[in-house]
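Results of the structural survey
Residues per chain are reported as follows:
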Amino acid sequence: MELKMFEGKIALVTGATAGMGRATAIAFAREGAKVIMAARRTERGQEVVEQITGFGGESMFVKTDVRNPADVDNLFKTIMDKYGRLDFAFNNAGVSSPHNPTVIKYEDDEWDRIMETNLRGVWLCMKHEIDIMKKQGGGVIINTASILGVVGDWGLSHYCASKHGSLGLAKTAALEYCKDNIRINTICPGPILTEMLEFALPFMPKMLDVMAAKTALRRIGQPEEIAGAALWLCTDEAAFMMGKEIAIDGGYITY
Ligand SMILES: NC(=O)c1ccc[n+]([C@@H]2O[C@H](COP(=O)([O-])OP(=O)(O)OC[C@H]3O[C@@H](n4cnc5c(N)ncnc54)[C@H](OP(=O)(O)O)[C@@H]3O)[C@@H](O)[C@H]2O)c1
């Protein structure tokens, strides 16, 4: 019988209806983990459940808006009612914006939408995850920030601020809870071909070329290249990795 890396483990992936979250949910399930997937689009979530069921994996979708505390409470209650534990959490749900005014020109609503999803949503989930993992004696948490959590970029001050914040949140929580055997790290992707980039293409048709040119490898990455890093961070091989970030970015060149 094929030995799978995460047999019997319980993994949560937020933002699992598309892009990196979907790729990571599938990768976890292929390695034997039971995967809980959270996002807002139920139909898309069910499609991923069917894909996982199709190769013999186990998963469920819980409709969740990570900005909404009641949804987040329900997500973790559902996980605990069904499985009673949570080994891995990939806080990956995120949004960007194709409209890029300078820092003084954002509409309040747009600023809030980005911050509430990319930063507050991660914090809301981490509170539950840490509480559960503390009680059960440990676990692994991974946040998806961005290479724009490390450097700035023109017209994306709200996104950059949210991702720098996510990185700081993870680093601090990692210090606070490593004594409880909880390892917390962050993945900082460079440009990856997902809906997030595709949605912006009508506004910036040359965007993919421009972004590829910012990488040393001169290409856009694929969601599966992020999934690989997320899974590795959950293994015992990554036991000495904590409170840090991994940039999977094709050698993103700053200015
Ligand atoms: N693509 C890139 O180049 C890139 C680069 C660096 C970092 N990132 C980051 O990587 C992460 C994944 O992005 P992606 O590129 O895979 O984007 P994507 O294909 O647009 O997927 C984003 C996921 O987040 C979910 N989501 C958005 N808002 C949500 C909310 N309020 N509550 C729950 N789920 C929500 C979406 O599902 P629903 O719409 O169904 O809710 C979707 O599943 C994000 O944090 C993003 O900021 C992306």
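First things first, this report covers the structure right here in the doc. Worth saying up front: this structure is predicted, and the values here are computed from it rather than measured. (Residues numbered from 1 in each chain as written. Predicted model: local features only at pLDDT ≥ 70, side-chain atom pairs only at ≥ 80, totals over all residues. Heavy atoms only, no water.)

Brief notes about the site of the ligand
- Around the ligand there are 31 residues in total, and Thr17, Arg40, Asn92, Tyr159 and Thr194 lie nearest to it.
- Within the contact set of the ligand, an oxygen atom lies 2.8 Å away from a backbone nitrogen or oxygen of Asn92.
- Note that an oxygen atom of the ligand is positioned 2.9 Å from one of the side-chain N or O atoms of Lys163.
- Summarising the interface, the protein chains cover 95% of the accessible area of the ligand, which totals 880 Å² for the free molecule.
- Counting atoms within 2 Å of the grid points, the majority share of the ligand lands in the largest pocket.
- Of all the elements in the fold, those that place two or more residues in the shell around the ligand are α1 (19-30), α5 (157-177) and α6 (195-200).
- Per-element tally for the shell around the ligand: the top contributor is α6, with 3 residues.
- When the residues that make up the shell around the ligand are grouped by side-chain class, the tally is 14 nonpolar, 11 polar and 6 charged. (Near = heavy atom within 4 Å. Polar contact = N/O pair within 3.5 Å; in protein donor to acceptor, adjacent residues only side chain to side chain. Areas by Shrake-Rupley, 256 points an atom, 1.4 Å probe, with all protein chains shown as cover. 1 Å grid on protein atoms, 1.4 Å probe; cavity = no way out; pocket = protein on both sides within 12 Å on 5 of 7 lines; lining within 4 Å. Sits in = over half its atoms within 2 Å of the grid points. Helix = DSSP H or I, 4+ residues; strand = E, 2+ residues; numbered from the N terminus. Nonpolar A, V, L, I, M, F, W, Y, C, P; charged D, E, K, R; others polar.)

Regarding the packing of aromatic side chains
- By the definition in use, this model includes 4 aromatic pairs.
- Judged by centre distance (5.8 Å) and plane angle (50°), the rings of Phe6 and Phe28 are tilted. With Phe6 in the segment before β1 (10-14) and Phe28 in helix α1, the pair connects residues that are 22 residues apart, well separated along the chain.
- The exposure class of Phe6 is buried, given its relative accessible area of 3%.
- Among the aromatic residues, those joined into a cluster by ring pairs are Phe6, Phe28 and Phe88.
- Over the ring of Phe55 we find Arg30; its NZ or CZ atom is 4.0 Å from the centre of that ring. (Phe/Tyr/Trp six-rings, centres within 6.5 Å; stacked < 30°, edge-to-face > 60°. Buried < 20%, exposed > 50% of the residue type's maximum accessible area, 1.4 Å probe, protein only. Lys NZ or Arg CZ within 6 Å of the ring centre and 35° of its normal.)

Thoughts on the sheet that holds strand β3 (residues 58-63)
- The strand order β3-β2-β1-β4-β5-β6-β7 describes an open sheet built from 7 strands, whose pairing is parallel. Bordering the open sheet on either side are β3 and β7 (245-248), each of which pairs with just one other strand. Between one strand axis and the next, the sheet turns through 15° on average, direction left out of account.
- Pairing of strand β4 (residues 88-91) with strand β5 (residues 139-144) involves 4 bridges; the strand directions are parallel. Across the sheet, residue Phe88 finds its bridge partner in β5, namely Val140.
- With respect to the sheet, helix α2 (residues 42-54) is in contact with β2 (34-39) and β3, its orientation differing from that of β3 by roughly 175°.
- With respect to the sheet, helix α8 (residues 223-234) is in contact with β4, β5, β6 (182-189) and β7, its orientation differing from that of β6 by roughly 165°. (Pairing = 2+ DSSP bridges. Axes fitted to C-alpha atoms, helices over the stretch in contact; angles between N-to-C directions. Contact = heavy atoms within 4.5 Å.)

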